[in-house]
Amino acid sequence: MSERSERIKGTAPLGHGGAVSRIGFIGLGIMGSPMAGHLVAAGHEVTGYDIGPAGLEKLKAAGGSAASGVAEAVRDKDIVITMLPQDEHVEAVFADVLEHAAPGTLYIDFSTITPKTARSTAERGIEKGLRVLDAPVSGGEPGAINAALSIMVGGDEADFAAATPIFEAVGKTFALVGPNGAGQVVKAANQLVVGGTYALVAEAILLMENLGADAEKGLDVLAGGLAGSKILELKRASMLKRDFKPGFRIDLHHKDMGIILQAARDAEVSIPMGALTAQLIAAARAMGHGSLDHSGLLKVTEALSGREN
């Protein structure tokens, strides 16, 4: 057990082996709402807060409780969870967490933010006696709904072990990938690969469609070979139909690419493919496609070739 875990030994136990945890969940949006529902279904006492009423109503319908603010959601909880859009939202909410959460509380941030903010949050939390994990997720809305998220976690090994029942309730794959901030680094790498893959799949579709091949059958073949990917598995049919209903919006991927570029700059690592992908995503946003699913990069590829549908 780590020195820090020894210091908080004796605090309120977390939910292991079927035990119930009192959870405060802040951020009941597209991702957070189904995640909170899964925690209720797993038997935990979940009190949620969001600035919009829809998520609160869904949580109450699932058997959870609604709080009137962050302070009420956080007070007297074993675990506090945030699932928020950007750094500034996490920082604002975390100020209330620091003020109202008891020492020993496990704080899990499922948001996608910069590694710098995640490390700063951890440092301030640990100073106040909190146990802090950054745990960004991948899988989009379908992953959240189906409790099939991939979770990359940064923090202390003992804290990760304590959080395992939470990860099991909302995800399919989860791993401790390093100290605080490392989860956000791996999430940045994830978004780099996802964005680049969408860009290449878009080019492959356009290439096949304009050279006389059956693109649908072609993608089926690609999905079964070395070019196969989760994106080809889940998105090839909707991309061919030009159905870009958002699961994860281009606006959010644009935000994530900014995190990636800054992280690469900080590490003095060259990512030329990443920089090009960031430009394509920025172009999609500038063309007015920010509210579309990130598979909508196909529209940028079409525009560059003068093949707009």
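Everything below is about the structure shown above.
Note on numbering: residues in each chain are counted from 1, in written sequence order. Where local features are concerned, this predicted model is filtered to residues with pLDDT of at least 70; where side-chain atom pairs are given and counted, the filter is 80 or more; whole-chain, interface and lining totals use all residues. Side-chain metrics in this entry use all non-hydrogen atoms of the structure; hydrogen atoms and water are not considered.

1. Notes on the overall build of the chain
Argument step 1. In this text, helices come from DSSP runs of H or I with a minimum length of four residues, and strands from runs of E with a minimum of two, each type numbered from the N-terminal end. Broken down by element type, the chain carries 14 helices and nine strands.
Argument step 2. A radius of gyration in this sense is built from C-alpha atoms; the matching globule rule multiplies 2.2 Å by the number of residues raised to 0.38. Its C-alpha atoms give the chain a radius of gyration of 20 Å, within 12% of the compact-globule value 19 Å for 309 residues.
Argument step 3. Summarising its shape, the C-alpha atoms of the chain cover approximately 70 × 45 × 35 Å along the three principal directions.
Argument step 4. A total of 309 residues make up the chain; the buried ones form 50% of that total.
Argument step 5. Whether two residues touch is decided by their heavy atoms; if any such pair falls within 4.5 Å, the residues are in contact. Pairs at least 24 apart in sequence give 67% of the contacts found in the chain among residues at least 6 apart.
Argument step 6. Only the protein chains shown count as cover for residues, and the accessible areas themselves come from Shrake-Rupley with a 1.4 Å probe. Carbon and sulfur atoms make up 55% of the accessible area of the chain, which totals about 14400 Å².
Argument step 7. For the purpose of charge, His is not counted, nor are the chain termini; Lys and Arg are scored as positive and Asp and Glu as negative. Just so you know, the charge point we use is NZ for Lys, CZ for Arg, CG for Asp and CD for Glu. Positive and negative side-chain charges of the chain, numbering 28 and 36 respectively, have mean locations separated by a distance of 2 Å. Remark: exposure states derive from per-residue accessible area (1.4 Å probe, protein chains only) relative to the maximum for the residue type, with buried under 20%, exposed over 50%, and partly exposed in between.

2. Side note on the pairing of strand β2 (residues 45–49)
Argument step 1. Of all five residues that make up β2, four are buried, and the element is covered over most of its length.
Argument step 2. In terms of strand pairing, strand β1 (residues 22–26) meets β2 through five bridges, oriented parallel. Opposite Ile-23, over in β2, you have Val-46 as the bridge partner.
Argument step 3. The crossover handedness rule: strands pointing away from the viewer, path from first strand over the helix to second strand clockwise, crossover right-handed. Handedness of the crossover is the feature at issue here: the chain leaves β1, passes through helix α2 (residues 32–41), returns alongside β2, and the resulting connection is right-handed.
Argument step 4. Note on pairing: DSSP must find at least two bridges between two strands before they are called paired. Both β2 and strand β3 (residues 65–66) contribute to a ladder of two bridges, which runs parallel. Following the sheet pairing, Thr-47 is matched in β3 by Ser-65.
Argument step 5. Between the parallel pair β2 and β3, the chain is carried across by helix α3 (residues 53–62), and the sense of this crossover is right-handed.

3. Remarks on the packing of α2 against α3
Packed helices, taken two at a time, are described by the angle between their axes plus the distance between the axes.
Argument step 1. Fitted lines through C-alpha atoms give the axes, limited to the stretch in contact for helices. The angle between two N-to-C directions lies from 0 to 180 degrees. Between α2 and α3, the least distance of the axes is 9 Å, while the angle of their chain directions is 20°. Our classification of the angle between α2 and α3 gives roughly parallel. Seen along the crossing, α2 lies across α3 with a hand that is right-handed. Contact residues: α2 offers Ser-33, Ala-36, Gly-37 and Val-40, while α3 offers Lys-58, Leu-59 and Ala-62.
Argument step 2. Under the scheme applied, nonpolar residues are Ala, Val, Leu, Ile, Met, Phe, Trp, Tyr, Cys and Pro; charged residues are Asp, Glu, Lys and Arg; polar residues are all the others, including Gly. Per-class residue counts for the contact of α2 with α3 are four nonpolar, two polar and one charged. By the definition adopted for this analysis, an angle is roughly parallel if under 35 degrees, roughly antiparallel if over 145, roughly perpendicular if from 65 to 115, and oblique otherwise. Helix crossings are classified by the rotation of the near helix relative to the far one: an anticlockwise turn of less than a right angle makes the crossing left-handed, while a clockwise turn makes it right-handed.

4. So, the pattern of salt bridges
Argument step 1. What makes a salt bridge here is a side-chain nitrogen of Lys or Arg within 4 Å of a carboxyl oxygen of Asp or Glu, nothing more. A complete count under the given rule lists 11 salt bridges for this structure.
Argument step 2. Of the charged contacts, one joins Glu-209 and Arg-242 as a salt bridge, the two residues approaching to 2.8 Å between their closest N and O atoms. Taken as a pair, Glu-209 in helix α9 (residues 182–209) and Arg-242 in the loop between α11 (230–240) and α12 (250–267) lie far apart in primary sequence, 33 residues in all.
Argument step 3. The class of Glu-209 is partly exposed, set by a relative accessible area of 33%.
Argument step 4. We note a salt bridge from Lys-235 to Asp-293, for which the minimum N-O separation is 3.3 Å. In this pair, Lys-235 sits in helix α11 while Asp-293 sits in the loop between α13 (272–286) and α14 (297–304), placing the two residues 58 residues apart along the sequence.
Argument step 5. A single network of salt bridges, built from pairs that share partners, joins Glu-209, Arg-242 and Glu-302.

5. Focus on the environment of Glu-72
Argument step 1. With respect to the helices, strands and loops of the structure, Glu-72 is situated in helix α4 (residues 70–74).
Argument step 2. Through-space distance from the C-alpha of Glu-72 to that of Arg-124 is 21 Å; in sequence the pair is 52 residues apart.
Argument step 3. Setting aside residues no more than four positions away along its own chain, Glu-72 makes contact with Ala-66, Ala-67 and Lys-77.
Argument step 4. For this analysis, a polar contact is any N or O atom pair within 3.5 Å, provided that within protein one partner can donate a hydrogen and the other can accept it, and provided that sequence-adjacent residues contribute only side-chain to side-chain pairs. Here Ser-68 takes part through its side chain, which lies 2.6 Å from a polar atom of the side chain of Glu-72.

6. Focus: the pairing of β1
Argument step 1. Counting buried positions along β1 gives four out of five residues, so the element sits mostly inside the fold.
Argument step 2. Here β1 pairs with strand β4 (residues 79–82) via four bridges, running parallel. Along β4, the bridge assignment pairs Phe-25 with Ile-81.

7. Notes on the side chain of Thr-47
Argument step 1. By the secondary structure assignment, Thr-47 is in strand β2.
Argument step 2. Every residue in contact with Thr-47, bar those within four places of it in the chain, is listed here: Ile-23, Gly-24, Phe-25, Leu-59, Ser-65, Ala-66, Ala-67, Ala-73 and Lys-77.

8. Quick word on the packing of aromatic side chains
Argument step 1. Each pair of aromatic rings taken from Phe, Tyr and Trp, with Trp reduced to its six-membered ring, is defined by centres within 6.5 Å and is described as stacked if the planes are under 30 degrees apart, edge-to-face if over 60, and tilted in the remaining cases. Per the stated rule, a full pass over the model turns up five aromatic pairs.
Argument step 2. With a centroid separation of 6.2 Å and 75° between ring planes, the pair formed by Phe-110 and Phe-167 is classed as edge-to-face. Separated by 57 residues along the polypeptide, Phe-110 in the loop between β5 (106–109) and α6 (115–127) and Phe-167 in helix α8 (residues 157–170) bring together distant segments of the chain.
Argument step 3. A ring pair is formed by Phe-160 and Phe-167, whose centres lie 5.8 Å apart and whose planes are at 35°; its orientation type is tilted. The same class applies to Phe-160 and to Phe-167, which are both buried.
Argument step 4. Members of the aromatic cluster, connected to one another through ring pairs, are Phe-110, Phe-160, Phe-167 and Phe-174.

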